[in-house]
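# Structure assessment
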Amino acid sequence: MHRARKRFGQNFLQDQGIIYSIVSLIQPSADMHVIEIGPGLGALTRPLLSNLDQLDLLEIDRDLVTYWNEQNLSGLKVIEGDALKFDFSEWAQDRKNRKGLCKVVGNLPYNISSPLLFHLVSAAQMIDEQVFMLQAEVVERMVAKAGSSDYSRLSVMLQARYDMEQVLEVPPEAFDPQPKVNSAVVRMIPRDDFDLSNIQWSALEQVVAAAFAQRRKMLRTNLQAFADRLRLTEVELKARAQDISVDRYIEWAKVIAA
Ligand code: SAM
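Owing to the predicted nature of the structure, the values given are computational and were not obtained by experimental measurement.

### Focus on the domain arrangement of the protein
When cut into domains, the protein gives domain 1 (6-190) and domain 2 (198-257). Taken together, the 13 residues of domain 1 in the interface contact 15 residues of domain 2. Carbon and sulfur atoms supply 73% of the area that domain 1 and domain 2 bury against each other, a total of about 1,100 Å² over both sides. The tally of links between domain 1 and domain 2 comes to 0 salt bridges. Our count for the domain 1 to domain 2 interface comes out at 5 residue pairs in polar contact (both at pLDDT 80 or more). Ranked by residues supplied to the side of domain 1 that touches domain 2, first place goes to helix H7 (residues 153-161) with 6 residues. For the side of domain 1 that touches domain 2, a count of residues per class yields 6 nonpolar, 5 polar and 2 charged.

Structure below.
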């Protein structure tokens, strides 16, 4: 018997209907390369493996790593490690040499979800799709559009890199132990029109962080440091960070990086 560890964000999925929906969404097929972050006790792992030739698991909890190694399941590769430090680009690069899509999936530990999403950005050009269960509130911020109160730094940075869609809402009763918050499943597909260099991406991080530093203040104040380069319109000077579209932030990043 494994006792759920709070420090690893362990809330194990129990609801067979939800499990079925997530696995259908991933559409596993024999030649696909999938890495699951945090298999836990295998709610998603087992149904995924029955449709894949090979499945890689990345798990931080040593007891669970031992558990999976003892299962001796054909096609399963167990990697003990911290997803925040794992090199997803290298993993995908290696798989890309063979044919088949590369997908990263998981019911993620909520305590590390934002840093993990940012960590994965650096591998986006190698990944075909990500399907994650996250805290519903985080997913709402990820997909929020300009003008909405959920629109934030997370929305702009991730929408600059991915097309995203909230696909499922999941109540606490679907898990054991039950989390205190609602959950949601998000599908993330790296944008194929993404054309920012590393320098432009850093500029995007800077300008977005500055714009959202004080949400209620006008951009005239928040973007003062960039004012001479950006030439904001009168309307933009009076606007707030949440009113500016992702594309406009991208234009500004390009100007700053030039
Ligand atoms: N996939 C299982 C399920 O749906 O029932 C478990 C999900 S549970 C919310 C999160 C899983 O991620 C646990 O197995 C936990 O040990 C693992 N985990 C937590 N932090 C991690 C990290 N930094 N790197 C890799 N795995 C981690």
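### Details of the pairing of strand S5 (residues 102-107)
The buried count for S5 comes to 6 of 6 residues, which makes it a mostly enclosed element. Alternating residues of S5 divide into Cys102, Val104 and Gly106 and Lys103, Val105 and Asn107, and every residue in both groups is buried. The pairing of strand S2 (residues 33-37) with S5 spans 4 bridges and is classified as parallel. Opposite Val34, over in S5, you have Lys103 as the bridge partner.

### Overview of the pairing of S2
Taken across its 5 residues, S2 has 5 buried, putting it largely inside the fold. As paired strands, S2 and strand S3 (residues 55-59) are joined by 4 bridges and run parallel to one another. Across the sheet, Ile37 pairs through a bridge with Leu58, a residue of S3.

### Comments concerning unusual backbone geometry
Note the cis peptide between Asp176 and Pro177, where omega equals -10 degrees. Among the secondary structure elements, Pro177 is positioned in the loop between strand S8 (175-176) and strand S9 (183-190). In the Ramachandran plot, Asn72 falls in the positive-phi region, its phi being about 50 degrees despite a non-glycine side chain. Checked against the element boundaries, Asn72 lands in the loop between helix H3 (62-71) and strand S4 (76-80). Its relative accessible area of 69% is what places Asn72 among the exposed residues. One non-glycine residue, Arg231, lies in positive phi territory at about 45 degrees. Residue position: Arg231 is located in the loop between helix H10 (227-230) and helix H11 (234-238). Note on Arg231: relative accessible area 69%, which makes it exposed.

### Side note on the side chain of Glu59
Checked against the element boundaries, Glu59 lands in strand S3. Arg5 provides the closest opposite charge to the buried, salt-bridge-free Glu59, at an N-O distance of 7.8 Å. In this structure the side chain of Glu59 is engaged in a polar contact, spanning 3.0 Å, whose partner is the backbone nitrogen of Asp61. Setting aside anything within four residues of it in sequence, one finds Glu59 in contact with Gly38, Pro39, Gly40, Leu64, Val65, Ile79, Glu80 and Gly81.

### Some points on the side chain of Asn107
Along the chain, the position of Asn107 falls in strand S5. On the basis of relative accessibility, which here comes to 16%, the residue Asn107 falls in the buried class. With residues near it in sequence (within four places) discarded, Asn107 still touches Asn11, Leu13, Ile37, Gly38, Leu44, Met133 and Phe175.

### Description of the site of the ligand
Close contacts around the ligand come from 22 residues, with Gln10, Leu13, Gly38, Glu59 and Asp82 the closest. Separating an oxygen atom of the ligand from a backbone N or O atom of Gly40 is a distance of 3.1 Å. Within the contact set of the ligand, a nitrogen atom lies 2.8 Å away from a backbone nitrogen or oxygen of Ala83. Contributing elements (two or more residues each) for the shell around the ligand: strand S1 (12-13) and S3. In terms of residue class, the shell around the ligand is made up of 11 nonpolar, 7 polar and 4 charged.

### Quick look at the nonpolar core
Phe88, Phe132, Met142, Leu204, Leu223 and Tyr249 are the most contacted members of the largest nonpolar core, which totals 63 residues. Here the element with the most residues in this core is helix H8 (residues 198-212); it accounts for 8 residues. Counting the residues that make up this core, at least three belong to each of domain 1 (6-190) and domain 2 (198-257). Ignoring sequence-local partners within four residues, the contact set of Phe132 consists of Ile37, Val104, Val105, Gly106, Leu108, Leu117, Leu120, Ala184, Val185, Val186 and Met188. Membership of the second largest hydrophobic core comes to 25 residues, among which are Leu13, Met32, Val131 and Ala174.

Calculation notes
Residues numbered from 1 in each chain as written. Predicted model: local features only at pLDDT ≥ 70, side-chain atom pairs only at ≥ 80, totals over all residues. Heavy atoms only, no water. Domains from an automatic or database assignment. Contact = heavy atoms within 4.5 Å. Buried area = accessible area lost by both parts, 1.4 Å probe. Salt bridge = Lys/Arg side-chain N within 4 Å of Asp/Glu carboxyl O. Polar contact = N/O pair within 3.5 Å; in protein donor to acceptor, adjacent residues only side chain to side chain. Helix = DSSP H or I, 4+ residues; strand = E, 2+ residues; numbered from the N terminus. Nonpolar A, V, L, I, M, F, W, Y, C, P; charged D, E, K, R; others polar. Buried < 20%, exposed > 50% of the residue type's maximum accessible area, 1.4 Å probe, protein only. Pairing = 2+ DSSP bridges. Lys, Arg positive; Asp, Glu negative; His and termini not counted. Near = heavy atom within 4 Å. Core = buried A, V, L, I, M, F, W, Y, C linked by side-chain atoms within 4.5 Å.

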